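Summary of structural features
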Amino acid sequence: MGNKDYTVKQLFELEACTNCRICADVCPAVSASKEGKLSAVYRMKGLKEIVKGRTGLFRKLLGKKGLSDEEWKEYGNTVFRCTLCGNCQEICPVGIHLKDLWLSLRHDLFHSRFYPEKIDMIRDNLAESHNVFAEENEERADWVEDMKDAPEDGFIKERAEVVYFTGCVASYFPLAQKIPVALAEILDRSGVDFTLLGEEEWCCGFPMLGAGLKDMLQPFVRHNLEAVEKKGAKRIIFACPSCFQMWREHYPSIVPIAHASEFLMDLVRNHRVPLKNLDMTVTYHDPCDLGRGARVFDAPRDVIRSIPGVKLVELSQNRENCRCCGGGGNLEMMDSRLSSEIAKRKIDEVLDTGAQAVITSCQQCVRTMMTYVKRNKVPIDVMDITQLVHRALKR
Ligand code: SF4
Ligand code: SF4
């Protein structure tokens, strides 16, 4: 596919880069690795060369040969060592849509066969099991069995007002499964008529885009749409910002969608969630796809402030400038050491606030920060917003 993997707008945007390098200053991958070649500005330069090296006229006029296999491979590896946090896009003074460009570039690298081997594993897992971890898809809602008073129907109804789309990470990872358990209990206590999709839920497609596997997406989109339509739902909610982003940007709009923090705020405002006092000081980490991506900054903070006794202190870099936790862009699969180095910097910033817990609104952020905290015995709690509300629920 080559240059056809980019839109005309993206090809123009390549030329708009002024080489100002501000994007390198805010890149978590650069600061954690000290490698300038992981920056957006380096990637832009390389991409310009690639695009021009492919066109016959430029090759003739400028004598461009294009990259050797070795150079392609090296460049490809730097492209996948990025969390897709979007901080470079947020700061870019020219307004280049860098995040979309990184996705097109990954797609191009897949077509050009210069991608890390682990991408093949992601592709095979998704094709065979419809989830990114090669787990049995029938076991998607098995976390319900861990609940104290699990209902007989396992929260899977034939029809319901609301569908809770759980996502792969929360469905299968023990560290993240506390999130759906908490949210399901809150919804149940608040009298919300909701259902899970269970084995009828397939991966939302987000890991495919991050891996350059966009060509696989459409059957997954069609399947998930049909599964939701069968439930007759009037709303879909997501605790995972990446699933939420996929449905916002890549699915046709069939019913209104909301992130769990927004849905919870509505429930709290309508006095449907009885909350007790929690004597805690917490800070809030804006997940990249929910904050910078969806501009949802206030709903989670309003939920936190609505819990009596809870004091919210802000991180030094917050809202649209919030630093990534290290868990995005499939980075953990590609370079777990770099992901952990980024998490370290995040947790150091959290500790500077003096808070007892860091709250976020994302299962992947919880998993990344919690893994770092547990491995390094850091005395801080890591919780999703649903877990904080669950802790404050009046029994
Ligand atoms: S998306 Fe984030 S990690 Fe990737 S280049 Fe931009 S700032 Fe760096
Ligand atoms: S901030 Fe934007 S214009 Fe400046 S170097 Fe980075 S991509 Fe180019």
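These numbers were taken from a predicted model, which means no experiment stands behind them.

This next bit is on the environment of A227. Take A227: it is sitting in helix α13 (residues 217–230). Taking the number of C-beta atoms within 10 Å as the measure of exposure, A227 has 18 and is therefore partly exposed. Along the chain, A227 and L197 lie 30 residues apart, while their C-alpha atoms are 7.0 Å from each other. When near neighbours in sequence (up to four residues on either side) are disregarded, A227 contacts L197, E200 and E201.

Assigned domains within the protein: domain 1 (2–115), domain 2 (134–266) and domain 3 (274–392). Its C-alpha centre places domain 1 at a distance of 30 Å from the equivalent point of domain 3. Each side of the interface is counted separately: domain 1 has 14 residues, and domain 3 has 16 residues. Looking at the side of domain 1 that touches domain 3, the elements with two or more residues in it are α3 (28–33) and α7 (87–91). For the side of domain 1 that touches domain 3, the leading source of residues is α3, giving five residues. Classifying every residue of the side of domain 1 that touches domain 3 gives seven nonpolar, five polar and two charged.

So, about the site of ligand 1. Taken together, 13 residues lie around ligand 1, and C27, C82, C85, N87 and C88 are the ones closest in. Among the elements of the structure, α3 and α7 are those that each provide at least two residues to the shell around ligand 1. Broken down by class, the residue content of the shell around ligand 1 amounts to ten nonpolar, three polar and no charged.

Across four bridges, the pairing between strand β5 (residues 280–284) and strand β6 (residues 310–313) is parallel. Bridge pairing links T281 to K311 in β6. In terms of handedness, the path from β5 via helix α16 (residues 298–305) over to β6 forms a crossover that is right-handed.

Counted at 1.5 Å a residue, the expected span for helix α9 (residues 118–129) with its twelve residues is 16 Å, and the 16 Å between its end C-alpha atoms agrees. Contact partners of the buried residues in α9: α8 (98–111) and α12 (206–211). At the C-terminal side of α9, H130 shows a positive phi close to 65 degrees.

So, on to the sheet that holds strand β7 (residues 357–360). What the four strands build is an open sheet, ordered β6-β5-β7-β8; its pairing is parallel. The open sheet terminates on both sides in strands that have one partner only, identified here as β6 and β8 (381–384). Between one strand and the next, the sheet's axes are offset by a mean angle of 35 degrees, whatever the strand orientation. Alignment of β5 against β7, held across three bridges, turns out to be parallel.

Cut-offs used in this document
- Residues numbered from 1 in each chain as written.
- Chains lettered and ligands numbered in written order.
- Predicted model: local features only at pLDDT ≥ 70, side-chain atom pairs only at ≥ 80, totals over all residues.
- Helix = DSSP H or I, 4+ residues; strand = E, 2+ residues; numbered from the N terminus.
- Buried ≥ 20, exposed ≤ 12 C-beta atoms within 10 Å, placed from the backbone.
- Contact = placed C-beta atoms within 7 Å.
- Domains from an automatic or database assignment.
- Nonpolar A, V, L, I, M, F, W, Y, C, P; charged D, E, K, R; others polar.
- Near = placed C-beta within 6 Å.
- Pairing = 2+ DSSP bridges.
- Right-handed = clockwise from strand over helix to strand, strands pointing away.
- Expected span 1.5 Å × (residues − 1).
- Axes fitted to C-alpha atoms, helices over the stretch in contact; angles between N-to-C directions.

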